[in-house]
Amino acid sequence: MQNTNYLYPKGLKGWLTSTDHKRIGVMYLIAIMVFFLVGGILGGIMKLELAQPGQQVMDAQTYNGLFTVHGIIMIFLVVIPGLSAVFGNFFLPIMIGAKDVVFPRLNLLSFYIYIVGACIAVLSQFAGSGPPDTGWTFYAPYSLESDTNVVMAVFAAFVLGFSSILTGLNFIVTIHRLRAPGMGWFKMPLFPWSLYATAWIQVLATPIIGITLLMIAAERFLNIGFFDPTLGGDPILFQHLFWIYSHPAVYIMILPAMGVITEIIPTFCQRKVFGYQAIVISSLAIAGVGYLVWGHHMFTSGMSDLSRWVFSLLTFIVAIPSAIKVFNWIATMYKGSIELRTPFLYTLSFIFQFMIGGITGLILGSLATDVHVHDTYFVVAHFHYIVFGGMGFAFFAAIHYWYPKMFGRMYNERRANWAWGVVFSGFTLLYFPMFILGLQGMPRRYFDYLPEYTFGHVLSSIGAAVLLTGLFMMVHTLLAGRNGKVAPANPWGGKTLEWTISSPPPLENFVEVPTITEGPYEYK
Amino acid sequence: MFKGASNFAGSIDSVFLYITVISLVFLIGLTIAMVWFTIKYSRKRHPKAVQIKDNMKLEVAWTVIPLIIVLSMFYYGYTVFLPMRDMPDDAMLVKATGRMWDWTFEYPNGKKDRVLVLPVDKPVKFDLTSADVIHSFYIPAFRVKEDMVPGKITNMWFIPTIKDTFDVFCAEYCGQRHSFMITHAIIVSPEEFEQWLAQTDADSDDHPGLIIMRNNACLSCHSLDGSKLVGPSFKGLYNSPKKLIIDGKETQLVANDEYITRAIYDPDAELVKGYGPKLMRSYKDVISADDMVQILDYFKNHAPR
Ligand SMILES: [Cu+2]
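Residues numbered from 1 in each chain as written. Chains lettered and ligands numbered in written order. Predicted model: local features only at pLDDT ≥ 70, side-chain atom pairs only at ≥ 80, totals over all residues. Heavy atoms only, no water.

Turning to the overall build of chain B, a few remarks are in order. Helices and strands together make up the secondary structure of chain B, namely six helices and 13 strands. Compactness check: chain B gives a C-alpha radius of gyration of 28 Å against a globular reference of 19 Å for 305 residues, more than 25% above the reference. Once the C-alpha set of chain B is aligned to its principal axes, its extents read approximately 85 × 55 × 35 Å. Considering chain B as a whole, with its 305 residues, one finds that 49% of them fall into the buried category. Considering only intrachain contacts with a sequence separation of at least 6, the fraction spanning at least 24 residues in chain B is 61%. Accessible area for chain B stands at about 14,600 Å²; split by element, carbon and sulfur atoms hold 59% of it. (Helix = DSSP H or I, 4+ residues; strand = E, 2+ residues; numbered from the N terminus. Rg over C-alpha atoms; globule rule 2.2 N^0.38 Å. Buried < 20%, exposed > 50% of the residue type's maximum accessible area, 1.4 Å probe, protein only. Contact = heavy atoms within 4.5 Å. Areas by Shrake-Rupley, 256 points an atom, 1.4 Å probe, with all protein chains shown as cover.)

The next thing to look at is the overall build of chain A. Scanning chain A from N- to C-terminus turns up 16 helices and zero strands. Taken over C-alpha atoms, the radius of gyration comes to 22 Å for chain A, in line with the 24 Å a tight globule of 524 residues would show. Taken along the three principal axes of its C-alpha coordinates, chain A extends 65 × 45 × 45 Å. The contacts in chain A between residues at least 6 apart in sequence include a share of 81% that link residues at least 24 apart. For chain A, the computed accessible surface area is about 16,700 Å², with 70% contributed by carbon and sulfur atoms.

For the rest of this paragraph, the subject is the sheet that holds strand β2 (residues 102-106) of chain B. All names here are of chain B. Strand order in this open sheet of five strands is β3-β2-β1-β5-β8, and the pairing throughout is mixed. Single-partner strands in this sheet number two, and they are β3 (112-113) and β8 (154-158). Of the pairings in the sheet, the one linking strand β1 (residues 92-99) to strand β5 (residues 124-130) comprises seven bridges and is parallel in character. Its bridge partner lying in β5, V94 is registered against F126. (Pairing = 2+ DSSP bridges.)

A separate point is helix α12 (residues 342-365) of chain A. With 24 residues, α12(A) ought to run about 34 Å at 1.5 Å a step, and its terminal C-alpha atoms sit 34 Å apart, in line with that. The buried count for α12(A) comes to 22 of 24 residues, which makes it a mostly enclosed element. (Expected span 1.5 Å × (residues − 1).)

Here we take up the side chain of A:S460. Structurally, the position occupied by A:S460 is in helix α16 (residues 454-480). In contact with A:S460, other than residues within four places in its own chain, are A:K47, A:L429, A:L430, A:P433 and A:M434.

Residues and elements named next belong to chain B. Two elements in contact, helix α4 (residues 208-215) and helix α6 (residues 289-302), have axes separated by 7 Å at closest approach and are oriented at 115°. By the angle class used here, α4 and α6 are roughly perpendicular. The way α4 lies across α6 gives a crossing that is left-handed. Where α4 approaches α6, its residues P208, G209, L210, I212 and M213 are matched on the opposing element by D291, Q294, I295, Y298 and F299. Per-class residue counts for the contact of α4 with α6 are seven nonpolar, two polar and one charged. (Axes fitted to C-alpha atoms, helices over the stretch in contact; angles between N-to-C directions. Parallel < 35°, antiparallel > 145°, perpendicular 65-115°, else oblique. Left-handed = near helix turned anticlockwise from the far one by under 90°. Nonpolar A, V, L, I, M, F, W, Y, C, P; charged D, E, K, R; others polar.)

Between chain A and chain B, the contact holds 87 residues from the first and 79 residues from the second. Surface buried jointly by chain A and chain B totals about 7,200 Å² across both partners, of which 68% is contributed by carbon and sulfur atoms. The tally of links between chain A and chain B comes to three salt bridges. A salt bridge links B:R85 to A:D305; the shortest N-O distance between them is 3.0 Å. Inspection of the region where chain A meets chain B yields 27 residue pairs in polar contact (both at pLDDT 80 or more). Looking at the side of chain A that touches chain B, the elements with two or more residues in it are α3 (60-79), α6 (142-145), α9 (235-269), α10 (276-289), α11 (305-333), α12, α13 (367-373) and α15 (413-439) of chain A. Take the side of chain A that touches chain B: its biggest share by element is 14 residues, from α11(A). Grouping the amino acids of the side of chain A that touches chain B by side-chain chemistry returns 48 nonpolar, 24 polar and 15 charged. (Buried area = accessible area lost by both parts, 1.4 Å probe. Salt bridge = Lys/Arg side-chain N within 4 Å of Asp/Glu carboxyl O. Polar contact = N/O pair within 3.5 Å; in protein donor to acceptor, adjacent residues only side chain to side chain.)

Turning next to the coordination of the copper ion. Residues and elements named next belong to chain B. Bound to the copper ion are the protein donor atoms H135 (ND1), C170 (SG), C174 (SG) and M181 (SD), situated 2.0 to 2.7 Å from the metal. Bound by four donor atoms, the copper ion shows angles of 87 to 127° at the metal and therefore tetrahedral coordination geometry. Donor residues for the copper ion sit on one chain with the sequence pattern H-x34-C-x3-C-x6-M. One end of the pair, H135, is in strand β6 (residues 135-139); the other, C174, is in the loop between β9 (165-170) and β10 (182-188), with 39 residues separating them in the sequence. (Donors = N, O, S within 2.8 Å, 3.2 Å for Na, K, Ca; no water. Tetrahedral: all angles 85-135°; square planar, octahedral: opposite > 155°, others 65-115°.)

Here the focus is the domain arrangement of chain B. Residues and elements named next belong to chain B. Partitioning chain B into domains gives domain 1 (9-84), domain 2 (92-199) and domain 3 (208-301). Inter-centroid distance (C-alpha atoms) of domain 2 to domain 3 is 27 Å. With six residues of domain 2 in contact, the opposing surface of domain 3 contributes ten residues. Considering only the side of domain 2, the residues that lose the most area to domain 3 are R114, R177 and F180, jointly responsible for 64% of the buried surface there. (Domains from an automatic or database assignment.)

Let us now look at the nonpolar core. The biggest cluster of nonpolar side chains holds 261 residues, and the ones touching the most others in it are A:F87, A:W402, B:Y107, B:F126 and B:F137. In this structure, this core is formed jointly by two domains, domain 1 (9-84) and domain 2 (92-199) of chain B, each of which donates at least three residues. Residues within four places of A:W402 in sequence aside, it is in contact with A:F87, A:F91, A:M95, A:F191, A:V260, A:E498 and A:W499. B:A263, B:Y265, B:I287 and B:F299 belong to the second-largest nonpolar core, a separate cluster that totals 24 residues. (Core = buried A, V, L, I, M, F, W, Y, C linked by side-chain atoms within 4.5 Å.)

What follows concerns the packing of aromatic side chains. Applying the stated rule across the entire model yields 88 aromatic pairs over all chains. Centre to centre, the rings of A:Y334 and B:Y41 are 5.8 Å apart; their planes meet at 90°, and the pair counts as edge-to-face. Here the residue A:Y334 occupies a position in the loop between α11 and α12, and B:Y41 occupies one in the loop between α1 (9-40) and α2 (56-84), the pair thus bridging two chains. A ring pair is formed by A:Y401 and A:W402, whose centres lie 5.2 Å apart and whose planes are at 50°; its orientation type is tilted. Take A:W402: its relative accessible area is 0%, and that puts it in the buried class. It is A:R179 that lies over the ring of A:W185; its NZ or CZ is 4.1 Å from the centre. (Phe/Tyr/Trp six-rings, centres within 6.5 Å; stacked < 30°, edge-to-face > 60°. Lys NZ or Arg CZ within 6 Å of the ring centre and 35° of its normal.)

What follows deals with the environment of B:D54. You can see B:D54 is positioned in the loop between α1 and α2. Overall, B:D54 belongs to the partly exposed group, its relative accessible area being 40%. Setting aside anything within four residues of it in sequence, one finds B:D54 in contact with A:V273, A:F274, A:G275, A:Y276 and B:E59. Separated by 3.0 Å, the side chain of B:D54 and the backbone nitrogen of A:G275 make a polar contact.

Residue and element names in this part refer to chain B. For strand β7 (residues 144-148), a buried count of five out of five residues is recorded, marking the element as mostly surrounded by other parts of the structure. Two strands pair when backbone bridges link them, and β6 and β7 are joined in this way by five bridges, in the antiparallel orientation. Across the sheet, residue I139 finds its bridge partner in β7, namely V144. Remark: four residues form the turn of the hairpin made by β6 and β7, two consecutive strands paired antiparallel; R143 in that turn has positive phi of roughly 60°.

On to the sheet that holds strand β4 (residues 116-119) of chain B. Residue and element names in this part refer to chain B. If you trace the five strands from one edge of the open sheet to the other, you get β4-β10-β9-β6-β7, paired in mixed fashion. Both outer strands of the open sheet, β4 and β7, are each paired with one neighbouring strand and no more. Across the sheet, the mean angle separating the axes of adjacent strands is 25° when strand polarity is ignored. Bridge count between β6 and β9: two bridges; the pairing is antiparallel. Within the sheet, the bridge partner assigned to F137 lies in β9 and is C170.

Set out below in structure tokens:
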């Protein structure tokens, strides 16, 4: 009985060639955690350099390469695939009562495309004419002129895009075709719903960045004149094309995060989600309207005044569905029976940080105020609150929530809670001072700064050290969990289908395909 | 921040305040609710959850009310932004150009400088452009920012309202020394401004070598008063003993004409001890031989000792 779960038979070859969605999810988990820690350490080194004004541990060029690779790793290798590749792969089929995704081999291919893209990204740091120094945004014409290894980095992002598109495609078809009998659209749990909305963005938006990045490469080799003004091109066109993808990409990261949170809250409150339909509709609304707000990255770019106010208006409107979700989450806690376990701690801090990220997004969405804080530390703080405080913390919540299911063991919860405390404090100390720095006018991507900005930078650097300590405590606790207590099938009292099967799940998930008769969160 | 020093700063800061205060009410309220629920309905105190039905009225309320609030935020930000884009006809026009990694400001009479000198309480508008990659012209105290895009002219205007010196930053990443692309906006009385504007390099009292260095932004990295900026101070440079790192080995020599010339034309070949490479670029194709004569004369006979 014991050895029939998906973790057996052991052996590397069996893992690397497996088309089982659970194994692929775990392989993504390992790869993404490794990249996350690398990106985090790179960020820590940046904070070391910024701990005092003047040069500390590296020169300006090295610093510029460092924030570029930090961005590329974190955006393209960690947060964009993040939740959907790891937990989507592992849990989407189970939560809808399927044995696997609809195209298991395509799924494995997506994983290897991801690995190839990641290898090219790493190679771009070492091969050729020096690490790229354009920032992850590759703005033209600097990206056309920089004599560093830009083309290879751009190509890596291009390859990674395919992995994302194929995963999205796979999930869309899986959700359409493989839901268990009786699971109508509105009986589907909300994490799969969020993956569904996300998958559409992946499929529809990613090709645009692919083409745009190819245009950069083509321009560098062939001097075509898309973006280079000396050849008659328009640098602002690049920004439009770039953000048409990269803004929706923010929703590729955050929608599944919201989905995870929407799973965790009912479980630990033992309550039906408040406003199920409202949450579904807001996911779809975010995916839809989120397409039309890219221009808010460009309020000072020299684009026309008309576009500036239209994009500002749409940006304020897209805030609403996110706000609705927050209201629904908190309403779900009302009169629940709340158990404050580790995943729930991460969930509460997610909501708190997400609210701060959202509020500061309003300041950035408003024309008058954006002019002042655009391209300052305010923006850096804002998107770290959304991407790390939001998506990152949701990822941590998810790993602590599903760990017993995935590996059949319990981690030490006392230690996990301590790690949470350190991570949360470090995060706040690292990023909150950046809001103030930004209001004071500290521009981003600065290797050095004027003395009046020292205090905020010092606090932030201390925060980075605390945060990294917390992250290592967390990872250590999770790794040590391998030898923890054996986990029961349903340790938290969850209602969705993954809690009805044994931990770890059997190879084909369900002995008997379940028939669904009621909604996913029918606590009695 | 937090001192605003232009005609826009006051109204922009009130938009900040408006959005922040309303948002804080929500943030604090929701956070308290969250924490309070966690305590009040903890499993110990509240072992059995109460299942509550969806409430359409509530959901409509918390959709419509926030919508109205954010629309008001949009509208307020928009009305304050509008005048920023409405360039007045009677304003003085300054042509500002960004280049890696410095600024040029050209005044109506043709005078050029790398610092921005402006009369207080007079409107000024800018034609912004770039000689190479995108830069962004940012004066935090004035709450203004606009990108400088190569091949294109963008605009901005404001009225400085306080006589003082303000930092001007490049806010769009532009390569290696992006963070050193800093200059100043010096706001003076209209009379002082007229005087300053009438002065040309020729009738300045300053040594021509110093003027050349000022115009080439040398002084943004090198001070004249002994303080350490990005590079070593020029104070007492000439004839001083120097500790250098050449190919990783430490060497000593005395700063003479040849050394200073090499330091300007090929800075990374001989590094002053304690400074990294790649900070100062080579000025081989920027400083002509004639200019170099002036610079050396300045160092030898006029620089502060
Ligand atoms: Cu610049």
